[in-house]
Amino acid sequence: MSNSNNKNKIATEKSRRDFCRNTALVGAGMLLPGLEMSAMANVFNNKKLKVAVVGCGGRGSGAANQALKADDNVELVAMADAFQDQLDKSLLNLQKEFKGTKKVNVKDKHKYVGLDAYKKAIDQADVVILATPPGFRPYHFEYAINAGKHVFMEKPVATDAPGIRKVLEMAKIAKEKKLNVVVGLQRHYQNNYIAIADKIKQGEVGKIVSGQVYWNSGGVWVRPRKPGQTELEYQMRNWYYFNWLCGDHILEQHIHNIDIANWFLGEYPISAQGMGGRLVRTGKDHGEIFDHHFVEFKYPSGAVISSQCRHQPGTWSKVGENFQGTKGSIDMRDAGAASITGLDGEKLFDYRNRNDPNPYQVEHNKLFASIRNNEVISDAENGAKSTLTAIMGRMATYSGKVITWEDALASEKLLMPSEITWDSTPPSVPGPDGSYPIPTPGVTKVLS
């Protein structure tokens, strides 16, 4: 290889690393400064902000509740869900919560049900909440941004690489349109994490060289099949166990901890390798996902982060993060605590929950304040790249191969169809015995 080619390769790699590092350092919740008021889209000042919620399950209902509490002059005007019963239950609970106020104003004609209902709800609003199963997120986000709406969307933001590329494309358009986008990686709005991130920036930990991130728990709900359900309805109701909808629990839950590694390191991994499988959660009602994953993520700086997530009752549980730096170690603990310990064992910093606000509420407070103050929050790019990190981990455990960032991002493996109707056949269907195909390391193809 010529010297000029070597130089070009080095320059390209440096640009890629700088780009990844700068994006990670921005993280979720960073405002874009210096925007001229005359250039701003959707400047509302004291105008009533109209909100629509798309996806009326527990998280969508919770996010709607928090949005309505985030601003005095806001009202919920439209709701959309695939299922009528879910929408009705959510609306009833919100009406009870805000009884005596005018904040819940959803007329019958603005209650939309079906797989294309999201478009009608989004059209009614200034601010939209996207909280369906994550497979739908790229398409809903695309429609909302093209319609010029401010967005709160839950994590993860996709279940496959084509979806990630769509979100990254729309993130650029959102910035151009000066639209606010908050992603539900709420640790970016949580005081103990913000405090540790500041200490890292100040150099008090030194260079982070390794870490361990965890979401080990007993698992989540199962919704048994009911008589008369089509296969598509069953999977939609039981979405957590199907990759086209959920992406596996390494993505749906563990993304929180993986995202913290990206944030604290200020970069995204260059490769992943790992292992996983189904040892406990093996029933036909557990779809196609694993019950445990272990992944090693390698970063451009040389750091290696070990990632564990497990859904096995009766086992050691931990949800949190630890990091080791050249000057000390970080321990992120439950209940809003965090500490930094020096190499000699001396406690350098200790953060205890000081009646901190709920970060789920704070992220909505920040979103609506940003809209009112002619500012812009741009979480979508980091949300997409942390989602891709978790997808890369899933690819590694499913295949048993080393997966690079570039290969993961370029993958054409499509889990979520671009169009789906109630007459569609789901991407994954059970065999004659009712069991679903399970990924097999060494056999399963994950990139195409």
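About the criteria used
Residues numbered from 1 in each chain as written. Predicted model: local features only at pLDDT ≥ 70, side-chain atom pairs only at ≥ 80, totals over all residues. Heavy atoms only, no water. Helix = DSSP H or I, 4+ residues; strand = E, 2+ residues; numbered from the N terminus. Contact = heavy atoms within 4.5 Å. Areas by Shrake-Rupley, 256 points an atom, 1.4 Å probe, with all protein chains shown as cover. Buried < 20%, exposed > 50% of the residue type's maximum accessible area, 1.4 Å probe, protein only. Polar contact = N/O pair within 3.5 Å; in protein donor to acceptor, adjacent residues only side chain to side chain.

Visitor: Please set out the overall build of the protein residue by residue, giving values where relevant.
Guide: Per the secondary structure count, the protein includes 13 helices and 15 strands. In the protein, 75% of the contacts between residues at least 6 apart in sequence involve partners at least 24 apart. If you sum the accessible surface of the protein, you get close to 19000 Å²; carbon and sulfur atoms cover 51% of it.

Visitor: Describe in detail the environment of W422, supporting the description with residues and values.
Guide: With respect to the helices and strands, W422 occurs in the segment after α13 (405-410). Given a relative accessible area of 36%, W422 falls into the partly exposed group. What W422 contacts, discounting residues up to four positions off in sequence, is A82, F83, G114, L115, L232, E233 and M236.

Visitor: Let's hear about the side chain of H256: which residues, and what values?
Guide: Inspection of the secondary structure assignment puts H256 in helix α10 (residues 255-265). With relative accessibility at 6%, the residue H256 sits in the buried group. Of the polar contacts made by the side chain of H256, one reaches the side chain of R187; its length is 3.4 Å. Not counting chain neighbours up to four residues away, the residues in contact with H256 comprise K155, G184, L185, Q186, R187 and W215.

Visitor: Give me α10: which residues, what numbers.
Guide: Most of α10 sits inside the fold, with eleven of its eleven residues counted as buried. Once α10 finishes, G266 follows within two positions and takes phi at roughly 75 degrees, a positive value.

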